[in-house]
There are 2 protein chains.
Amino acid sequence: MRELGEFALIDRINAGREQAAHVLLGPGDDAALVAAPDGRFVVSTDMLVEGRHFRLDWSSPRDIGRKAIAQNAADIVAMGARPTAFVVALGCPGETEVAVVEGIADGMWAEAGRAGGSIAGGDLVHSAQLVISVTAFGDLGGQAAITRSGATVGDIVAVAGELGWSGAGLAVLSSSADSSDPAFAHALAAHRVPQPPYAAVVDVFGAEGPSALTDISDGLLADLGHLATASGVAIEVHSAALADAELAALAQRLDVDAGQWILAGGEEHAFVGTWPASTSLPPGWRPIGVVRAGSGVTVDGAAPTGGTGWESFRGADAPSTGDRR
Amino acid sequence: MRELGEFALIDRINAGREQAAHVLLGPGDDAALVAAPDGRFVVSTDMLVEGRHFRLDWSSPRDIGRKAIAQNAADIVAMGARPTAFVVALGCPGETEVAVVEGIADGMWAEAGRAGGSIAGGDLVHSAQLVISVTAFGDLGGQAAITRSGATVGDIVAVAGELGWSGAGLAVLSSSADSSDPAFAHALAAHRVPQPPYAAVVDVFGAEGPSALTDISDGLLADLGHLATASGVAIEVHSAALADAELAALAQRLDVDAGQWILAGGEEHAFVGTWPASTSLPPGWRPIGVVRAGSGVTVDGAAPTGGTGWESFRGADAPSTGDRR
């Protein structure tokens, strides 16, 4: 990379890209210009650090690029917005292979397209460690933002997307298990590239939406805790609704408890929301609990035991991943 | 910082902040919501890396925070837009003093206010090296964006803001000179906290604006080179118009050439633009050259010698600074 130089590499990774309709002016000037059809835009930013949020020996550059975009797009969708565009700042050591940067860029473009946007601009700098900073934008289409604070007593708590499989993949990579065993393939894929179910949210636009919504990045219990606090309610989770026989079988092979993956694993970027009890849940959503008066989160009526989610700086320095805005 | 934890620190640096009018929903949910009055927004992102773009032994945390916002706000203003909001991702080692993060945040809020916006959201993660990623937003107020590509033959080239003083400050810090000498105070301040002359651009809104505009982040000649290429023209700079007796005296003390600071020093985030020859330059702008047919940049009719600006990865690994989107 040191040989090619910043400007030539920027030209190379931008070559042949087609901007989404919302990007009115892409890379190449002092700033980009993005459409905000409803006169507002939703924005979220996340930083991913090598060794902390991803590892080049565990994930391909393309997977890392996809994950970086997916976790930011999930934050946009979790407000009830449609992703429109992304900007990216990348810091890398001078000895980074050009192919690594190209792979990350390719993955970013692929996931941005899946989410409905494109990469409108970026920055490329020299750093000691590979660092990826993504800022994502979305449009609410004239609707109100769906925050974490709208849950009311009696609401159903429902989830869209898989739970626990990313945690399972991380457990496989962290263990001495043979990661080429086909039995681990789905878990590894879930860990390497989260697949937030964007459509389960953006396709219910204009229909009866959730009263509160968030994406699961710190872990189900941790994120429900944030939602319960913001809404001033208690949340009761029913573990039977979270059971996953296939995941349990995998956990047994690794001699661990699948419950921790489901309750405390972050990074899957599934969505959890609350809906008035009278609502028929839209396609892709399954009930997992109920909103009660009070505070905090319980599982089957008891306070959860064990780790409940991810927080930077506190606790383990393990090469785990997961981030929060 | 490891002791306090991510969530507590985020709460602490957000406490008591007052959001600008454009920020409809600030930190605390999955994403922020920002007004885009004219149905579009201008966006720019830059990453600053410790040891590369700033040094904690050369600048206070507050200065670093101000600089990070200023260089992004300058990119927004260089499109002819008014800054509205910023989001920030910060990566820091676990042993970072809480006061360092608070100082950076304070500086960011101060400069965001000076530029006309506020910090709408962010992310805080663990990294080996202090890394600051800022994304800035602006509103064009219904006007067309002022790009680098609008210069036409015969236009006047004009500058708003100081040139060379940031480079002089860097030279002082890199030398064995006594940096507490009052003679160096202005240069050091210019290096530590660039003061882009936002008003010289945003206050000419609606009046006769420049045909092309950019901020000087890579160095005057490098950025004029980008503008000349984008516009398909040549630019002729008159060195007499750039002379600065005070800066020349300082250069003499350090036994170097002030010309290099003026022509190749980046990071000052002055603005350079081109204006139809018939225009009376607005307040704060001074002519430094003219647009000609052809390509490239000349100084007094000759190709410039010496370094012409900053590029990441290429060349020196010196603790220099300066960045580009």
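The rules behind these values
Residues numbered from 1 in each chain as written. Chains lettered and ligands numbered in written order. Predicted model: local features only at pLDDT ≥ 70, side-chain atom pairs only at ≥ 80, totals over all residues. Heavy atoms only, no water. Contact = heavy atoms within 4.5 Å. Buried area = accessible area lost by both parts, 1.4 Å probe. Salt bridge = Lys/Arg side-chain N within 4 Å of Asp/Glu carboxyl O. Pairing = 2+ DSSP bridges. Helix = DSSP H or I, 4+ residues; strand = E, 2+ residues; numbered from the N terminus. Axes fitted to C-alpha atoms, helices over the stretch in contact; angles between N-to-C directions. Least-squares fit on C-alpha atoms with pLDDT ≥ 70 in both. UniProt positions renumbered as here; feature names shortened; annotations may be inferred.

**Student:** Explain the interface of chain B and chain A here, please?
**Tutor:** For an interface, size is often stated in terms of accessible area lost upon the parts coming together. Each partner contributes residues to the interface: chain B has 79 residues there, and chain A has 79 residues. Between chain B and chain A, the buried area comes to about 6,100 Å², and carbon and sulfur atoms account for 59% of it. In this assembly, chain B and chain A are joined by four salt bridges. Linking Arg-148 of chain B and Asp-30 of chain A is a salt bridge whose minimum nitrogen-to-oxygen distance equals 3.0 Å.

**Student:** Can you help me understand the sheet that holds strand β6 (residues 131–139) of chain A in this one?
**Tutor:** The strands that make up a sheet are held in pairs by hydrogen bonds between backbone atoms, and each pair lies either parallel or antiparallel. The mixed open sheet is built from six strands, whose spatial order is β5(A)-β4(A)-β6(A)-β3(A)-β2(B)-β1(B). This sheet does not close on itself; its edge strands, each paired only once, are β5 (118–126) of chain A together with β1 (23–25) of chain B. Put simply, the sheet's adjacent strands are angled 25 degrees from each other on average, direction ignored. Bridge analysis of strand β3 (residues 40–49) of chain A against β6 of chain A gives eight bridges, and the strand direction is antiparallel. Within β6 of chain A, the position partnered with Val-43 of chain A by the bridge is Phe-137 of chain A. Packed on one face of the sheet, helix α2 (residues 61–77) of chain A meets β3, β4 (82–92), β5 and β6 of chain A and runs near 145 degrees to β3 of chain A. Here helix α3 (residues 98–115) of chain A sits on the sheet in contact with β4, β5 and β6 of chain A, set at roughly 170 degrees to β4 of chain A.

**Student:** How do you make sense of the relation of the copies chain B and chain A when you look at a structure like this?
**Tutor:** One chain copy maps onto the other through a rotation about an axis and a shift parallel to that axis. You can overlay chain B on chain A at an RMSD of 0.0 Å; the transform is a turn of 180 degrees with a shift of 0.0 Å along its axis. The superposition operator between the copies reduces to a two-fold rotation axis. No C-alpha of chain B approaches the rotation axis more nearly than that of Gly-39 of chain B, which lies at 2.3 Å.

**Student:** Would you mind going over the UniProt feature "binding site: ATP" (unreviewed entry) in chain A with me for this structure?
**Tutor:** Residues and elements named next belong to chain A. According to UniProt, the feature "binding site: ATP" (unreviewed entry) maps to Gly-122, Asp-123, Arg-148 and Ser-217 in the numbering used here. The greatest C-alpha distance among the annotated residues, which extend across 96 residues, is 31.8 Å, indicating that they are dispersed rather than converging on a single site. For Asp-123, the position within the fold is in strand β5. Tracing the backbone through its elements, the reader meets Ser-217 in the loop between β8 (212–215) and α7 (220–231).

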